[in-house]
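# Analysis of the macromolecular model
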Amino acid sequence: MSLPPVFVCGIGPGSTGTGALMIGLMAEAAAGAPADFIVKEKTPRKRGWARLQKFNPFRLAYYGLSRALFPWRVLRAARSGREMVLLHPQTIGFPLFQRVVEARPYVWMYVLDAYVFCRRSYNCLPAELGPCLRCVGNDGAAAEAHGCADWFGAGSFHQPLREWVASGRLRLMAQCESHARLLRAHFGPGAVVKVVPLSVPDIAVPAVPPPRPARARPLAVFHGSCQPAKGVAHVIALAKEMPDWDFLVPSDPKEYRQHFGTTEGLPGNLQFRRLSWSEGLADAVATADVVLCPSIWSATVEGAVLKSLAHNGLVMVTTHDSSFGSELPADARLALDPADLRGTAARLRSVHADPAQAEGIRAAARAYAENYARGCHGMLAAIGTACRTSA
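A few points on the structure. (Residues numbered from 1 in each chain as written. Predicted model: local features only at pLDDT ≥ 70, side-chain atom pairs only at ≥ 80, totals over all residues. Heavy atoms only, no water.)

Taken together, the buried positions of helix H15 (residues 379–388) are occupied by Met379, Leu380, Ile383, Gly384, Ala386 and Cys387. Across the axial projection of H15, the buried residues extend over an arc of 160°, all falling on one side. (Buried < 20%, exposed > 50% of the residue type's maximum accessible area, 1.4 Å probe, protein only. Helix = DSSP H or I, 4+ residues; strand = E, 2+ residues; numbered from the N terminus. Arc of directions from axis to C-beta.)

Structure representation (structure tokens):
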């Protein structure tokens, strides 16, 4: 009987992103799929930190001890005979990541983003309409030329990463086929790349979708943050092209200014309202006339896209070849072409004016979301299978 795998991540359980993934994997383990986890405790927020210092010295001591023992626990697991799966090298720490790789014949990494080839992680440059692939398959010299900041202090990490993958010492798991193609393009045909679909919460298709209210003006809801890679600039450009529609951004002007410097020049039909999925965004997405998910980067599996497909069904995405949006069936989505906003607006108006066509797209979208949900069920077990059947 094989020993259960060990998962190592520099991000502990949380409500979004990698933290939510860790919660899902740990829940599968608790339900009977054996695995062990070594994660970093999340840093308490400032207010919570003060509260811990004043009222809970035991919790504070546990936090400090768990952080201090993280490298020791990781290296002890690396010396065992168990399969290891690393997630998010940026927060594991590059020196520790290297020690793990060099301590074993091979190790696995479940790739969560574009950081393996892109310093920015979100591989897009300001003012460009699509993903930047300049560093794919090479030494990343273009990052210097374009001033890409080394936010995580990687230094020379990317070069040994390519060598480890080429030699088979580091084996990769991708979230989807487009993600796997990108990894093979960067690391070469000798790379061991297995596809294990990412498990995403809240993508169950509701039995009875909520009715969309009658509106004087159609409503488009952007499902994303103001991080430029998520495509908010495309949303703004489309809003300017469609002044007779309303556009909702589930954030606030402050966050937008943090990324873009100013809110001057934004169209009057664009509204900011800070929402989270559990506090208003789920309802806004479900009842919108269309949902916009126009990521600019080479997006891996995006929870926002899948949730929007499941809960609304009329979803507009960008479809460049290196993103998850390219995998959606043509009859299950609408394409946003940032180079042809007039044509994009015309397609959206045409579908909105034809309820039968809109419902046909929604039905195909729901079917895709249901199929994806079935395929990503049991992600922990699928990772274990991938480890056992490696090339």
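The rest of the description comes next.
We now examine the packing of helix H12 (residues 303–311) against helix H14 (residues 355–376). Relative orientation of the contacting elements H12 and H14 amounts to 125°, with a least axis distance of 7 Å. In terms of orientation, H12 lies oblique with respect to H14. Crossing geometry of H12 relative to H14 is assigned as left-handed. Residues Leu306, Leu309 and Ala310 of H12 touch H14, and the partners they reach there are Ala365, Arg366, Tyr368, Ala369 and Tyr372. When its residues are assigned to classes, the contact of H12 with H14 shows seven nonpolar, no polar and one charged. (Axes fitted to C-alpha atoms, helices over the stretch in contact; angles between N-to-C directions. Parallel < 35°, antiparallel > 145°, perpendicular 65-115°, else oblique. Left-handed = near helix turned anticlockwise from the far one by under 90°. Contact = heavy atoms within 4.5 Å. Nonpolar A, V, L, I, M, F, W, Y, C, P; charged D, E, K, R; others polar.)

Read from one edge to the other, the open sheet built from six strands follows the order S2-S1-S3-S4-S5-S6, with strand pairing classed as parallel. If you trace the sheet from one side to the other, it starts and ends with strand S2 (36–39) and strand S6 (193–195), each paired once. With strand direction ignored, the average angle separating the axes of adjacent strands in the sheet is 25°. Two elements, strand S1 (residues 6–9) and strand S3 (residues 84–87), share four bridges in a ladder whose sense is parallel. Bridge pairing in S3 places Phe7 opposite Val85. (Pairing = 2+ DSSP bridges.)

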